[in-house]
Amino acid sequence: MIQIKSEAEIASMREAGLVVGRTLHKLQAAVAPGMTTADLDAIAEESIRGEGAVPSFKGYRGFPACICTSINSEIVHGIPSAKAVIRDGDVVSIDCGAIVDGYHGDAAVTVPVGTVRPELLELLRVTEESLWHGIAAARLGGRLIDISRAIEGYIRSQSHPGGASWGIVEEYVGHGIGTEMHQDPQVYNYVGRRMARGPELVRGLALAVEPMVNLGTRSTRVLEDGWTVVTQDGAPSAHFEHTFTLTEAGPWVLTALDGGEARLKELGALRLTG
Ligand code: MG
Ligand code: MG
(Lines give C-alpha, C1' and ligand atoms only; values in the text may rest on other atoms or scores of the structure.)
(Ligands and ions follow the chains in the order given, each with its own letter.)
Protein backbone atom coordinates (compact mmCIF):
# COMPACT_ATOMS: atom_id res chain seq x y z
CA MET A 1 0.00 0.00 0.00
CA ILE A 2 1.20 3.47 -0.85
CA GLN A 3 1.45 5.71 2.21
CA ILE A 4 0.48 9.35 1.75
CA LYS A 5 2.11 11.67 4.27
CA SER A 6 0.73 14.89 5.74
CA GLU A 7 2.77 18.10 5.70
CA ALA A 8 3.79 17.50 9.32
CA GLU A 9 4.90 13.97 8.48
CA ILE A 10 6.92 15.23 5.51
CA ALA A 11 8.54 17.74 7.89
CA SER A 12 9.70 14.81 10.06
CA MET A 13 10.99 13.08 6.92
CA ARG A 14 12.95 16.22 6.08
CA GLU A 15 14.55 16.08 9.54
CA ALA A 16 15.46 12.43 8.98
CA GLY A 17 16.70 13.29 5.49
CA LEU A 18 18.95 16.04 6.81
CA VAL A 19 20.48 13.66 9.37
CA VAL A 20 21.22 11.23 6.53
CA GLY A 21 22.53 14.02 4.27
CA ARG A 22 24.83 15.46 6.93
CA THR A 23 26.07 11.99 7.88
CA LEU A 24 26.92 11.17 4.27
CA HIS A 25 28.79 14.48 3.96
CA LYS A 26 30.88 13.59 7.03
CA LEU A 27 31.58 10.13 5.63
CA GLN A 28 32.53 11.49 2.22
CA ALA A 29 34.96 13.90 3.85
CA ALA A 30 36.42 11.14 6.03
CA VAL A 31 36.96 8.38 3.46
CA ALA A 32 40.69 7.80 2.92
CA PRO A 33 43.01 4.97 1.95
CA GLY A 34 43.88 2.77 4.95
CA MET A 35 40.53 3.23 6.69
CA THR A 36 38.25 0.27 7.14
CA THR A 37 34.55 0.22 6.42
CA ALA A 38 34.03 -0.45 10.15
CA ASP A 39 35.67 2.96 10.77
CA LEU A 40 33.07 4.52 8.48
CA ASP A 41 30.28 2.74 10.30
CA ALA A 42 31.52 4.13 13.64
CA ILE A 43 31.47 7.67 12.21
CA ALA A 44 27.96 7.10 10.88
CA GLU A 45 26.63 5.78 14.18
CA GLU A 46 28.08 8.71 16.12
CA SER A 47 26.67 11.19 13.59
CA ILE A 48 23.16 9.69 13.51
CA ARG A 49 22.81 9.13 17.25
CA GLY A 50 24.54 12.47 17.96
CA GLU A 51 21.62 14.17 16.22
CA GLY A 52 19.14 12.25 18.33
CA ALA A 53 18.08 10.06 15.40
CA VAL A 54 17.96 6.27 15.12
CA PRO A 55 20.06 4.37 12.56
CA SER A 56 17.44 2.46 10.55
CA PHE A 57 19.73 -0.17 9.03
CA LYS A 58 20.99 -1.54 12.35
CA GLY A 59 18.96 -4.65 13.12
CA TYR A 60 16.96 -4.41 9.88
CA ARG A 61 16.34 -8.10 9.13
CA GLY A 62 19.42 -8.73 11.26
CA PHE A 63 21.75 -6.31 9.44
CA PRO A 64 24.59 -5.62 11.89
CA ALA A 65 25.61 -2.02 11.02
CA CYS A 66 24.36 1.56 10.53
CA ILE A 67 25.46 1.85 6.89
CA CYS A 68 26.03 -0.42 3.93
CA THR A 69 29.52 -0.13 2.45
CA SER A 70 30.06 -1.65 -0.98
CA ILE A 71 33.53 -1.46 -2.54
CA ASN A 72 34.26 -1.70 -6.29
CA SER A 73 32.48 -4.83 -7.63
CA GLU A 74 30.15 -4.83 -4.63
CA ILE A 75 26.92 -3.18 -5.74
CA VAL A 76 24.87 -2.73 -2.56
CA HIS A 77 24.31 -4.14 0.96
CA GLY A 78 27.99 -4.65 1.82
CA ILE A 79 28.55 -5.14 5.56
CA PRO A 80 31.07 -2.82 7.24
CA SER A 81 34.04 -4.80 8.57
CA ALA A 82 37.31 -4.12 10.37
CA LYS A 83 38.88 -6.41 7.74
CA ALA A 84 37.66 -4.36 4.76
CA VAL A 85 40.45 -1.85 4.14
CA ILE A 86 39.77 0.96 1.68
CA ARG A 87 42.54 1.46 -0.87
CA ASP A 88 43.63 4.22 -3.21
CA GLY A 89 41.72 3.86 -6.47
CA ASP A 90 38.63 2.26 -4.92
CA VAL A 91 35.06 3.41 -5.33
CA VAL A 92 32.99 2.98 -2.16
CA SER A 93 29.20 3.06 -2.08
CA ILE A 94 27.89 4.26 1.26
CA ASP A 95 24.18 3.80 1.93
CA CYS A 96 22.70 5.40 5.05
CA GLY A 97 19.30 5.52 6.73
CA ALA A 98 17.97 7.34 9.78
CA ILE A 99 14.66 7.66 11.64
CA VAL A 100 13.31 10.85 13.25
CA ASP A 101 9.94 10.76 15.06
CA GLY A 102 9.19 7.45 13.33
CA TYR A 103 9.90 8.72 9.79
CA HIS A 104 12.70 7.50 7.56
CA GLY A 105 15.33 9.06 5.34
CA ASP A 106 17.44 6.93 2.97
CA ALA A 107 20.28 8.02 0.68
CA ALA A 108 23.52 6.74 -0.80
CA VAL A 109 26.62 8.05 -2.53
CA THR A 110 29.52 6.34 -4.24
CA VAL A 111 32.81 7.99 -3.33
CA PRO A 112 36.06 7.82 -5.33
CA VAL A 113 39.10 7.27 -3.08
CA GLY A 114 42.38 8.92 -4.05
CA THR A 115 43.34 8.51 -7.69
CA VAL A 116 40.59 6.65 -9.49
CA ARG A 117 40.61 5.34 -13.08
CA PRO A 118 38.82 7.73 -15.47
CA GLU A 119 36.25 5.10 -16.51
CA LEU A 120 35.25 4.70 -12.86
CA LEU A 121 34.77 8.44 -12.52
CA GLU A 122 32.59 8.30 -15.63
CA LEU A 123 30.59 5.41 -14.11
CA LEU A 124 30.00 7.51 -10.98
CA ARG A 125 29.06 10.59 -12.98
CA VAL A 126 26.56 8.74 -15.19
CA THR A 127 24.95 6.96 -12.22
CA GLU A 128 24.59 10.10 -10.10
CA GLU A 129 23.34 12.14 -13.03
CA SER A 130 20.75 9.46 -13.83
CA LEU A 131 19.41 9.77 -10.28
CA TRP A 132 18.91 13.52 -10.75
CA HIS A 133 17.31 13.03 -14.15
CA GLY A 134 14.92 10.53 -12.57
CA ILE A 135 13.93 12.93 -9.79
CA ALA A 136 13.67 15.83 -12.23
CA ALA A 137 11.19 13.84 -14.35
CA ALA A 138 8.77 13.51 -11.41
CA ARG A 139 5.88 15.95 -11.25
CA LEU A 140 2.47 16.12 -9.61
CA GLY A 141 -0.01 14.42 -11.90
CA GLY A 142 2.76 12.46 -13.60
CA ARG A 143 3.28 8.71 -13.35
CA LEU A 144 5.85 6.56 -11.60
CA ILE A 145 7.19 5.23 -14.90
CA ASP A 146 8.31 8.76 -15.86
CA ILE A 147 11.08 8.38 -13.28
CA SER A 148 12.19 4.95 -14.53
CA ARG A 149 12.16 6.11 -18.13
CA ALA A 150 14.27 9.18 -17.34
CA ILE A 151 16.85 7.16 -15.40
CA GLU A 152 17.28 4.53 -18.11
CA GLY A 153 17.05 7.09 -20.91
CA TYR A 154 19.82 9.18 -19.43
CA ILE A 155 22.12 6.20 -18.83
CA ARG A 156 21.58 4.85 -22.36
CA SER A 157 22.27 8.32 -23.83
CA GLN A 158 25.76 8.37 -22.33
CA SER A 159 28.59 6.65 -24.15
CA HIS A 160 30.32 3.85 -22.26
CA PRO A 161 34.10 4.34 -21.93
CA GLY A 162 34.79 0.81 -23.20
CA GLY A 163 32.31 1.05 -26.06
CA ALA A 164 30.06 -1.50 -24.31
CA SER A 165 26.62 -1.01 -22.74
CA TRP A 166 26.13 0.14 -19.16
CA GLY A 167 24.82 -2.65 -16.92
CA ILE A 168 21.67 -1.28 -15.31
CA VAL A 169 20.90 -3.48 -12.30
CA GLU A 170 17.32 -4.77 -12.34
CA GLU A 171 17.07 -6.99 -9.24
CA TYR A 172 17.25 -4.09 -6.77
CA VAL A 173 15.07 -1.01 -7.04
CA GLY A 174 13.97 2.20 -5.36
CA HIS A 175 10.91 2.32 -3.13
CA GLY A 176 8.27 4.27 -1.32
CA ILE A 177 9.36 5.43 2.12
CA GLY A 178 7.67 6.81 5.23
CA THR A 179 7.01 5.06 8.55
CA GLU A 180 8.98 2.14 7.12
CA MET A 181 12.13 2.27 5.05
CA HIS A 182 10.73 0.08 2.28
CA GLN A 183 7.17 0.71 1.14
CA ASP A 184 5.22 0.52 -2.08
CA PRO A 185 5.65 1.38 -4.85
CA GLN A 186 8.83 -0.12 -6.27
CA VAL A 187 10.77 2.39 -8.37
CA TYR A 188 12.46 0.65 -11.28
CA ASN A 189 15.62 1.98 -12.87
CA TYR A 190 14.60 0.76 -16.30
CA VAL A 191 11.42 0.33 -18.33
CA GLY A 192 10.56 -3.29 -18.95
CA ARG A 193 8.35 -4.68 -21.68
CA ARG A 194 4.68 -4.33 -20.74
CA MET A 195 5.60 -2.45 -17.56
CA ALA A 196 2.59 -0.53 -16.26
CA ARG A 197 2.85 3.25 -16.08
CA GLY A 198 2.40 2.94 -12.33
CA PRO A 199 0.57 5.08 -9.80
CA GLU A 200 0.01 8.79 -10.19
CA LEU A 201 2.57 10.99 -8.48
CA VAL A 202 0.63 12.91 -5.84
CA ARG A 203 1.24 15.24 -2.94
CA GLY A 204 2.42 13.41 0.19
CA LEU A 205 4.08 10.56 -1.71
CA ALA A 206 7.74 10.04 -0.79
CA LEU A 207 10.10 7.94 -2.86
CA ALA A 208 13.68 6.75 -2.53
CA VAL A 209 15.22 6.55 -6.00
CA GLU A 210 18.43 4.55 -6.29
CA PRO A 211 19.98 3.64 -9.63
CA MET A 212 22.75 1.01 -9.57
CA VAL A 213 24.93 0.86 -12.67
CA ASN A 214 27.69 -1.64 -13.50
CA LEU A 215 30.61 -0.97 -15.80
CA GLY A 216 30.21 -4.56 -17.03
CA THR A 217 27.08 -6.64 -17.42
CA ARG A 218 23.98 -6.12 -15.28
CA SER A 219 24.11 -9.61 -13.72
CA THR A 220 24.37 -9.85 -9.95
CA ARG A 221 24.86 -12.45 -7.25
CA VAL A 222 24.73 -12.45 -3.45
CA LEU A 223 27.78 -13.47 -1.41
CA GLU A 224 27.77 -16.18 1.26
CA ASP A 225 27.18 -13.58 3.98
CA GLY A 226 23.61 -13.38 2.67
CA TRP A 227 23.81 -9.61 2.17
CA THR A 228 26.54 -8.36 -0.13
CA VAL A 229 25.37 -8.03 -3.73
CA VAL A 230 28.21 -8.15 -6.26
CA THR A 231 28.54 -7.99 -10.02
CA GLN A 232 28.73 -11.45 -11.52
CA ASP A 233 31.61 -10.48 -13.83
CA GLY A 234 33.61 -8.70 -11.11
CA ALA A 235 33.40 -5.32 -12.85
CA PRO A 236 32.90 -2.22 -10.69
CA SER A 237 29.51 -0.77 -9.84
CA ALA A 238 28.08 2.55 -8.64
CA HIS A 239 25.00 3.42 -6.56
CA PHE A 240 23.43 6.79 -5.74
CA GLU A 241 20.20 7.41 -3.85
CA HIS A 242 18.00 10.22 -2.57
CA THR A 243 14.62 10.42 -0.84
CA PHE A 244 12.27 13.02 -2.31
CA THR A 245 8.70 14.26 -2.31
CA LEU A 246 6.74 16.54 -4.64
CA THR A 247 5.57 20.10 -4.14
CA GLU A 248 3.77 22.52 -6.47
CA ALA A 249 7.18 23.99 -7.31
CA GLY A 250 8.69 20.60 -8.19
CA PRO A 251 10.63 17.85 -6.42
CA TRP A 252 11.92 18.46 -2.91
CA VAL A 253 14.91 16.23 -2.18
CA LEU A 254 14.62 15.49 1.51
CA THR A 255 18.11 13.95 1.86
CA ALA A 256 19.93 16.77 0.00
CA LEU A 257 21.12 19.59 2.25
CA ASP A 258 19.83 22.22 -0.22
CA GLY A 259 16.66 20.25 -0.92
CA GLY A 260 18.04 19.48 -4.37
CA GLU A 261 17.62 23.07 -5.50
CA ALA A 262 20.97 23.51 -7.27
CA ARG A 263 20.81 20.34 -9.36
CA LEU A 264 17.10 20.57 -10.10
CA LYS A 265 17.44 24.18 -11.29
CA GLU A 266 20.17 23.09 -13.72
CA LEU A 267 17.77 20.49 -15.06
CA GLY A 268 14.90 22.99 -15.28
CA ALA A 269 12.79 20.94 -12.87
CA LEU A 270 11.90 23.70 -10.42
CA ARG A 271 9.07 26.09 -11.12
CA LEU A 272 10.24 29.51 -9.99
CA THR A 273 8.07 30.89 -7.24
CA GLY A 274 7.94 34.27 -5.50
MG1 MG B 1 19.54 3.24 0.82
MG1 MG C 1 16.71 2.63 -0.45
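Use the structure listed above.
As a starting point, this report considers the structure included with it. Please read all numbers here as calculations on a predicted model, not as lab measurements.

So, on to the layout of surface pockets. When its volume is computed, the largest pocket comes out at roughly 490 Å³. As for the largest pocket, its lining consists of 23 residues, and the residues nearest its centre are Y60, H77, V173, H175 and H182. Top element by residues in the lining of the largest pocket is strand β8 (residues 183-187). It accounts for 3 residues. Of the residues contributing to the lining of the largest pocket, the split by class is 10 nonpolar, 7 polar and 6 charged. There is about 330 Å³ of room inside the second largest pocket. Lining the second largest pocket are 20 residues, and of these H25, V109, E128, W132 and H242 sit closest to its centre. The class makeup of the residues in the lining of the second largest pocket is 10 nonpolar, 6 polar and 4 charged.

Okay, the pairing of strand β9 (residues 206-209) next. The two faces of the sheet receive side chains in turn, since in a regular strand these alternate between them. Here β9 shows no split at all, with A206 and A208 on one side and L207 and V209 on the other all buried. Note: strand β7 (residues 174-176) against β9, 2 bridges, orientation antiparallel. Looking at the pairing, H175 lines up with A208 of β9. Of the pairings in the sheet, the one linking β9 to strand β14 (residues 242-247) comprises 4 bridges and is antiparallel in character.

Cut-off values and rules
Residues numbered from 1 in each chain as written. Chains lettered and ligands numbered in written order. Predicted model: local features only at pLDDT ≥ 70, side-chain atom pairs only at ≥ 80, totals over all residues. Heavy atoms only, no water. 1 Å grid on protein atoms, 1.4 Å probe; cavity = no way out; pocket = protein on both sides within 12 Å on 5 of 7 lines; lining within 4 Å. Points joined across faces, edges and corners; volume = space filled by probe spheres on them. Helix = DSSP H or I, 4+ residues; strand = E, 2+ residues; numbered from the N terminus. Nonpolar A, V, L, I, M, F, W, Y, C, P; charged D, E, K, R; others polar. Buried < 20%, exposed > 50% of the residue type's maximum accessible area, 1.4 Å probe, protein only. Pairing = 2+ DSSP bridges.

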